Amino acid sequence: MLSFKREIIQLLHEIFNITFTLFKVMIPAIIIVKILVELGIVPYIAWALEPLMSIVGLPKEASIIWAATMLTSNYTGMVLFFQFFENDPMTIAQTTVLASMMLMAHNMPTECAITRKAGVKVLYVVILRIGSGLLMGWILHLLYSTTGILQESNQLIWTPSEVDDSFSGWVLQQLESLFYIFIMIAGLVIGLKVLKVIGVEKLLSIILSPFLKITGIHKDATSFTLIGMTLGLAFGGGLLINEAKKGVITKKDIFLSVSLLCLCHSLIEDTILMFLLGADLISILLFRIVFSFALMIPISLWFMRLPEHQHKHFVVPVSNKT
């Protein structure tokens, strides 16, 4: 009985420790982003991105959507998408290109803060996510323009409801999101314990090891990487921060796991959101997975050949302090 109580206390401590660590990073980032948005920073980012839109075959308005998405979230980008293209739709190909770029680079201030806390430098993460977004968008644009597929006008299958733009509405939305994250973290921590006890975690490691092997990620980081890939970078990153503070996984595995999560995360929720915009499901799901793992091969080879004294330019020490 005492052993069971001890296990429950340890479990609760782990849940609150992960949540506190994550919120300590997320809440300041959310506030800073709100201030930047209110100061009108989005148009300046859009102006910088506008020349790149022609490279991926998108109209200049797409730069505003991507800029807002990078600074805030996919939901903001979706609202702007409907404002710009509800009456004058893009093609399915263009919608898919924009959606793929949004999937690669969104909510950057918050998610970069999480990856920094996990131990990877922000500049690398920013370059990787924006660069991979442009690369994936360019490849898809070449594929669609060369083959002539998906050139029909995009038919919207869903439109957003009214958004409460007031300050109180924003605060309520953030509180709801944070509560949702707390519930998800609790579920993930308990779920991982159960999976470990019944042996499913080990089975997953065996099944996924051939795929993760090509990325150079050790099996010890498999469960956190899988969670981040399916549910989101915040959830996988939160668990990764916790393990990094314990010193359970190496700097190499932290770097490679974060790199993969930057390219391929939230395959469930974010894929559904982009599908609602009218994007091609095969491209935003299957092609994204293949693209991410393919890009991880040179990243992994490069990092493992990088002299150890140069790792400090990409990986930062992780503090054991909560």
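Residues numbered from 1 in each chain as written. Predicted model: local features only at pLDDT ≥ 70, side-chain atom pairs only at ≥ 80, totals over all residues. Heavy atoms only, no water.

Examining the overall build of the protein
And then number 1: Across its full length, the protein holds 14 helices and 0 strands.
And then number 2: Ordered by position in the sequence, the α and β elements of the protein form the string α-α-α-α-α-α-α-α-α-α-α-α-α-α.
And then number 3: Here the C-alpha radius of gyration of the protein, 20 Å, is about what a compact globule of 322 residues would show, namely 20 Å.
And then number 4: C-alpha extents for the protein along the principal axes are approximately 65 × 50 × 40 Å.
And then number 5: In the protein, 81% of the contacts between residues at least 6 apart in sequence involve partners at least 24 apart.
And then number 6: Working note: accessible area of the protein is about 16,200 Å², and carbon and sulfur atoms make up 69% of it.
And then number 7: Averaging the positions of the 22 positive and the 21 negative side-chain charges in the protein gives two centres separated by 18 Å. (Helix = DSSP H or I, 4+ residues; strand = E, 2+ residues; numbered from the N terminus. Rg over C-alpha atoms; globule rule 2.2 N^0.38 Å. Contact = heavy atoms within 4.5 Å. Areas by Shrake-Rupley, 256 points an atom, 1.4 Å probe, with all protein chains shown as cover. Lys, Arg positive; Asp, Glu negative; His and termini not counted. Charge placed at Lys NZ, Arg CZ, Asp CG, Glu CD.)

Some details on the packing of helix 10 (residues 222-231) against helix 12 (residues 251-263)
And then number 1: At a minimum axis separation of 9 Å, helix 10 and helix 12 run at an interaxial angle of 15°. The pairing of helix 10 with helix 12 is recorded here as roughly parallel in orientation. For the crossing formed where helix 10 meets helix 12, the hand is right-handed. Each of Thr-225, Gly-228 and Met-229 in helix 10 lies in contact with helix 12, whose residues at this interface are Ser-257, Leu-260 and Leu-261.
And then number 2: In the contact of helix 10 with helix 12, the residues fall into 3 nonpolar, 3 polar and no charged. (Axes fitted to C-alpha atoms, helices over the stretch in contact; angles between N-to-C directions. Parallel < 35°, antiparallel > 145°, perpendicular 65-115°, else oblique. Left-handed = near helix turned anticlockwise from the far one by under 90°. Nonpolar A, V, L, I, M, F, W, Y, C, P; charged D, E, K, R; others polar.)

Digging into a nonpolar patch on the surface
And then number 1: Taken together, Ile-27, Ile-31, Ile-32, Ile-35, Leu-36 and Leu-39 make up a surface patch of nonpolar side chains, about 540 Å² in accessible area.
And then number 2: By the element assignment, Ile-27 lies in helix 1 (residues 2-38).
And then number 3: By relative accessible area, Ile-27 is classed as partly exposed at 35%. (Patch = residues over 30% accessible without salt bridge, like charges linked within 9 Å, V, L, I, M, F, W, Y side chains within 5 Å. Salt bridge = Lys/Arg side-chain N within 4 Å of Asp/Glu carboxyl O. Buried < 20%, exposed > 50% of the residue type's maximum accessible area, 1.4 Å probe, protein only.)

A short note on the pattern of salt bridges
And then number 1: A full pass over the atoms with the stated rule returns 3 salt bridges.
And then number 2: Across the pair Lys-34 and Glu-38 runs a salt bridge whose closest N-O atoms are separated by 3.1 Å. Of this pair, Lys-34 and Glu-38 both sit in helix 1, 4 residues apart, which is roughly one turn of the helix.
And then number 3: Between Asp-253 and Lys-252 there is a salt bridge whose closest N-O contact spans 3.3 Å.

Some thoughts on the nonpolar core
And then number 1: Core analysis: the biggest nonpolar cluster contains 93 residues, and Leu-58, Phe-255 and Met-274 have the highest contact counts within it.
And then number 2: Ranked by the residues each element gives to this core, the list is headed by helix 5 (residues 92-104), at 9 residues.
And then number 3: Filtering out sequence-adjacent residues up to four positions away, Met-274 remains in contact with Asn-74, Met-78, Ala-99, Met-102, Leu-103, Ala-279 and Ile-284. (Core = buried A, V, L, I, M, F, W, Y, C linked by side-chain atoms within 4.5 Å.)

Description of the packing of aromatic side chains
The description of an aromatic ring pair rests on the distance of the ring centres and on the angle between the ring planes.
And then number 1: Per the stated rule, a full pass over the model turns up 13 aromatic pairs.
And then number 2: Between Trp-302 and Phe-314 the ring centres are 4.9 Å apart and the planes differ by 90°, which places this aromatic pair in the edge-to-face class. Of the two residues, Trp-302 is situated in helix 14 (residues 281-305) and Phe-314 in the segment after helix 14; the sequence distance between them amounts to 12 residues.
And then number 3: Cluster of aromatic residues (ring-pair linked, three or more members): Tyr-124, Phe-255, Trp-302, Phe-303 and Phe-314. (Phe/Tyr/Trp six-rings, centres within 6.5 Å; stacked < 30°, edge-to-face > 60°.)

Notes on helix 6 (residues 108-118)
And then number 1: Of all the residues in helix 6, the buried ones are Met-108, Thr-110, Glu-111, Cys-112, Ile-114, Thr-115 and Ala-118.
And then number 2: Phi for Gly-119, located one or two positions after helix 6, is positive at around 125°.

A word on the packing of helix 3 (residues 61-71) against helix 4 (residues 74-85)
And then number 1: Orientation of helix 3 relative to helix 4, taken along the N-to-C sense of each, is 160°, at an axis distance of 7 Å. What the angle tells us is that helix 3 and helix 4 run roughly antiparallel. The hand of the helix 3/helix 4 crossing is right-handed. In this structure, helix 3 uses Glu-61, Ala-62, Ile-64, Ile-65, Ala-68 and Thr-69 to contact helix 4, whose residues at the interface are Asn-74, Thr-76, Gly-77, Leu-80, Phe-81, Phe-84 and Phe-85.
And then number 2: When its residues are assigned to classes, the contact of helix 3 with helix 4 shows 8 nonpolar, 4 polar and 1 charged.

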